[in-house]
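Coordinate inspection notes
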Amino acid sequence: MAEKELRRNMAVLPIGTVRKLTDLTDRQIRYYEAQGLITPARTASNQRMYSLNDIDRLLEIKDYLLVGDSIANIKRIYAKQAQHESDNISAHQARQALQSEFLNLVGFKVNQNRKGL
DNA sequence: CTTCTTACA
DNA sequence: TGTAAGAA
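For every chain, the first residue of the written sequence is number 1, and numbering continues from 1 onward in sequence order. All chains are assigned letters beginning with A, and all ligands numbers beginning with 1, in the order in which they are written. In keeping with the predicted nature of the model, local features appear solely for residues at pLDDT of at least 70, side-chain atom pairs appear and are counted solely at 80 or more, and the whole-chain, interface and lining totals rest on all residues. Excluding hydrogens and water, the side-chain figures rest on all heavy atoms present in the structure.

**So, the overall build of chain A**
Secondary structure follows DSSP: runs of H or I at least 4 residues long count as helices, runs of E at least 2 residues long count as strands, and numbering of each begins at the N terminus. Broken down by element type, chain A carries 5 helices and 3 strands. When the helices and strands of chain A are read in sequence order from the N terminus, they spell out α-β-α-α-β-β-α-α. If you line up chain A on its principal axes, its C-alpha atoms span 60 × 30 × 20 Å. When accessible area is computed with a 1.4 Å probe and restricted to protein chains, residues below 20% of their type maximum are described as buried, those above 50% as exposed, and intermediate ones as partly exposed. Buried residues in chain A amount to 18% of all 117 residues. Considering only contacts within chain A whose residues lie at least 6 apart along the sequence, 56% involve residues at least 24 apart. For the accessible areas, the method is Shrake-Rupley and the probe is 1.4 Å, while residue cover comes only from the protein chains on display. For chain A, the computed accessible surface area is about 8,900 Å², with 53% contributed by carbon and sulfur atoms. For chain A, the centre of its 18 positive side-chain charges and the centre of its 13 negative side-chain charges are spaced 5 Å apart. Here, two residues are considered to be in contact whenever any of their heavy atoms come within 4.5 Å of each other. Residues counted as positive are Lys and Arg, residues counted as negative are Asp and Glu, and His and the chain ends are not counted. For the purpose of locating charges, the reference atoms are NZ of Lys, CZ of Arg, CG of Asp and CD of Glu.

Here's what the structure looks like:
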């Protein structure tokens, strides 16, 4: 389930492809980046490389703009979204820590004493 | 040929 | 946002 996200985040598309896929101009795509709405990767030759998630975000941005939302507003939306993301990660880490403690308490040895299985 | 940056009659 | 110029 995490491998799929990893692939979605792989930057493999040049701006030309993104332009065709989103119907946005290069100018707009670069402008939104300048505004911090997207952060495409860069190749060794400084070429921007976009991921499938970048495409989705650009399409989303286009919709927000169409409905009349401002760049500043969209920026805040993604800022809070990132906040919730990190909150979820913390919750996940907390759960793992608790499970780890639990296993030790009960006496299980993960990755140890596997011969009996 | 495609993309990058910078600048503006 | 568009577009031109020069470099990469």
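**Concerning the protein's contact with DNA strand B**
Here a residue is near a molecule or strand as soon as one of its heavy atoms is found within 4 Å of it. Around DNA strand B, the structure places P14, I15, G16, R19, R30, R42, N46, Q47 and R48. Across the atoms of DNA strand B situated within 4 Å of the protein, the share located in sugar and phosphate is 96%. In this structure, R19 approaches DNA strand B through a side-chain N or O atom, which is 3.2 Å from a phosphate oxygen. In the environment of DNA strand B, a phosphate oxygen lies 3.2 Å from a nitrogen or oxygen atom belonging to the side chain of R42. Ranked by residues supplied to the surface near DNA strand B, first place goes to helix α2 (residues 15-22) with 3 residues. Here the residues of the surface near DNA strand B sort into 2 nonpolar, 3 polar and 4 charged. Whenever a nitrogen or oxygen atom comes within 3.5 Å of another N or O atom, the pair is scored as a polar contact, on the condition that within protein one atom can donate a hydrogen and the other can accept it, and that pairs from neighbouring residues in sequence are kept only if both atoms are in side chains. The classification used treats Ala, Val, Leu, Ile, Met, Phe, Trp, Tyr, Cys and Pro as nonpolar, Asp, Glu, Lys and Arg as charged, and all other residues, Gly among them, as polar.

**With respect to the protein's contact with DNA strand C**
Taken together, T25, R27, Q28 and Y32 make up the full set of residues adjacent to DNA strand C. A breakdown of the atoms of DNA strand C within 4 Å of the protein gives sugar and phosphate a share of 31%. In this structure, T25 approaches DNA strand C through a side-chain N or O atom, which is 3.0 Å from a phosphate oxygen. Here a phosphate oxygen of DNA strand C sits 2.9 Å away from a polar atom, N or O, in the side chain of Y32. For the surface near DNA strand C, the class distribution of residues is 1 nonpolar, 2 polar and 1 charged.

**Quick notes on the UniProt feature "domain: HTH merR-type" (unreviewed entry) in chain A**
This chain's UniProt record puts "domain: HTH merR-type" (unreviewed entry) on residues 12-80. With 61% helix and 10% strand, residues 12-80 has its two end C-alpha atoms placed 27 Å apart. UniProt positions are given in the numbering used here, feature names are shortened, and annotations may be inferred rather than shown by experiment.

**With respect to the pattern of salt bridges**
Pairs can form between side chains of opposite charge whenever their charged atoms are close. Between Lys or Arg on one side and Asp or Glu on the other, a salt bridge is scored when a side-chain nitrogen of the former is within 4 Å of a carboxyl oxygen of the latter. If you walk through the whole model with that rule in mind, you get 4 salt bridges. Two residues, R48 and E33, come together in a salt bridge whose shortest N-O distance is 2.7 Å. Of this pair, R48 sits in strand β3 (residues 48-50) while E33 sits in helix α3 (residues 26-34), and the two are 15 residues apart along the sequence. A relative accessible area of 18% means that E33 is categorised as buried. Here the salt bridges share partners, and the residues they tie into one network are E33, R42 and R48.

**Considerations on the nonpolar core**
What is meant by a nonpolar core is a set of buried Ala, Val, Leu, Ile, Met, Phe, Trp, Tyr and Cys residues, joined one to another through side-chain atoms within 4.5 Å. Judged by nonpolar contacts, the single largest core of 15 residues is most densely connected at V18, I29, Y32, L37, Y50, L58 and I61. Elements represented by at least two residues in this core include exactly α2, α3, α4 (52-66) and α5 (71-106). Ignoring anything within four residues of it in the chain, the contact list for L37 reads Y32, R57, I61, I71, I74, K75 and Y78.

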